Amino acid sequence: MRKEMDCDKILELHANTVYKVAMSQVKNPDDAKDIFQEVFLRLVKYQKDFESDEHLKAWLIRVTINCCKDFFKNRYNANKQELVVEIPFEDPTHHEVFYYVQELDEKYKVVIHLFYYEQYSIADIAKLLDTNESTIKTRLSRARENLKKRMERDLDA
Amino acid sequence: MLDKYKEAYDEIEVPKELITETSLLMKEEQEKQAEKKKVGFFRRPVIFSLLGGMAAVILAIGILSQGGSSGELIKTELQAGKMVDKVKLENGELNFATHSISDNDLSSDLKSYITKAGSDADVKEFYGEIITIEVPKGFTNSQTKIECLYDGEQLTNVKVVNEYTKGDERIYVTYEKEDEGTLNTNSTIDKQELALRYNKVNEEFVAKYIDEGKLYSIKTENMTQEDFITFLVKFVK
């Protein structure tokens, strides 16, 4: 018989990951909250068996990315603009890095987040996103180039 | 700059009330699921008696139509939430363990090509017809994407991606002109050779096969192995 999942324990272990993946994709905390709840509700609905916490974490990240894609698709279909909410950071450099990365394309933002925050290897990100390692390397390098250009442009201005 | 990325995100905290609310929602959902199971269990005798009465009719229809349900097609016992590596079918065999589709096969490498969004007119001009794909039962066609690949001025391929959704379940059916002429197949359905792959991390099933010069790809997300096989068998037929 399937063991009932311990919701509080799962939230304790993975809330941070899911919320921050969502925050890295959408531009305001309210949207991130909706995505967060949707991801954990899907977890209960699907009743999947996971081999380990790492397997569960990878599933949650993947579902969060899918929910973010759905969010962008729905917003596009509804012809709505995304509401940007300013997040207060104590350190101004944190504010800068957060908003520069937020301006990148979704496919770059997700790779940046998984590499720099979750500290996954390129090989692991490739597996997680079901793509080639070379694609991940290219996305990381383009994201870095893009950020550099934007910063230089802002400095010149 | 990016060396500060982790520190920046460490400053962001998950709101405590969000965790509390989500925990309550999850528990409510768990109760709903448990309730459903209970109802299912207590109604079983009624369902069985009804099914018993209908069994002969269904059997007769099955024999007459020679169609067969997924239960008859799939000879290996499948379990929800578990992956079975080798599945025997009435008319073939599917291998999910061997990753016969390489990563390169799965992602289109379009480096040397220019891709432009296409239309139904491009599909008709390139293939001479628009291939109609029946919407899987219970699903809706959420979007169709047409991509035209140009090598310089020359239109070299037209890729059509149909996305079907039912709740969180997704099926992507793609077809394009087959260029390579080879595919490392590991499975068969009705003598049609296929390459199958199961991605455990993403819970995705992918099948590829070549038919009449076209490469067909079927990818599913959040679907059980049984539902994937049932769809695939019908689609290939």
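See the structure printed just above.
## Some words on the overall build of chain B
Scanning chain B from N- to C-terminus turns up seven helices and ten strands. A burial count over chain B gives 41% of its 237 residues as buried. Once local pairs closer than 6 in sequence are excluded, the contacts in chain B between residues at least 24 apart make up 54%. With an accessible surface of roughly 14,000 Å², chain B has 52% of that area assigned to carbon and sulfur atoms.

## As for the pairing of strand β2 (residues 92–95) of chain B
Residue and element names in this part refer to chain B. Pairing between strand β1 (residues 86–89) and β2: four bridges, direction antiparallel. Bridging across to β2, K88 finds its partner in E93. Between β1 and the antiparallel strand that follows it, β2, lie two residues. One ladder, built from two bridges, connects β2 with strand β7 (residues 187–189); its direction is antiparallel. Across the sheet, E93 pairs through a bridge with T188, a residue of β7.

## Details of the sheet that holds strand β4 (residues 140–151) of chain B
Residues and elements named next belong to chain B. Here we have ten strands laid out as an open sheet, ordered β1-β2-β7-β8-β9-β10-β6-β5-β4-β3, and antiparallel in their pairing. Two strands bound the open sheet, and with one partner strand each, they are β1 and β3 (114–117). Across the sheet, the axes of successive neighbouring strands diverge by a mean angle of 25 degrees, strand direction being ignored. As paired elements, strand β5 (residues 154–166) and strand β6 (residues 169–177) share seven bridges and run antiparallel to each other.

## Quick look at the packing of aromatic side chains
Scanning the entire structure with this criterion turns up 20 aromatic pairs over all chains. The rings of F126, Y127, Y175, Y209, Y216, F231 and F235 of chain B are connected pair by pair, giving a single aromatic cluster. Seen from the ring of Y117 of chain A, K6 of chain B lies directly overhead, with NZ or CZ sitting 4.8 Å from the centre. It is K219 of chain B that lies over the ring of Y172 of chain B; its NZ or CZ is 5.5 Å from the centre.

## What to know about the pairing of strand β10 (residues 214–221) of chain B
All names here are of chain B. With seven of eight residues buried, β10 is to be regarded as a mostly interior element. Examined bridge by bridge, β6 and β10 share eight bridges and lie antiparallel to one another. Across the sheet, the residue bridging to R170 is E221, located in β10. As consecutive antiparallel partners, strand β9 (residues 204–211) and β10 are separated by two residues, and within that stretch E212 has a phi angle of approximately 45 degrees, a positive value.

Procedures and definitions
- Residues numbered from 1 in each chain as written.
- Chains lettered and ligands numbered in written order.
- Predicted model: local features only at pLDDT ≥ 70, side-chain atom pairs only at ≥ 80, totals over all residues.
- Heavy atoms only, no water.
- Helix = DSSP H or I, 4+ residues; strand = E, 2+ residues; numbered from the N terminus.
- Buried < 20%, exposed > 50% of the residue type's maximum accessible area, 1.4 Å probe, protein only.
- Contact = heavy atoms within 4.5 Å.
- Areas by Shrake-Rupley, 256 points an atom, 1.4 Å probe, with all protein chains shown as cover.
- Pairing = 2+ DSSP bridges.
- Axes fitted to C-alpha atoms, helices over the stretch in contact; angles between N-to-C directions.
- Phe/Tyr/Trp six-rings, centres within 6.5 Å; stacked < 30°, edge-to-face > 60°.
- Lys NZ or Arg CZ within 6 Å of the ring centre and 35° of its normal.

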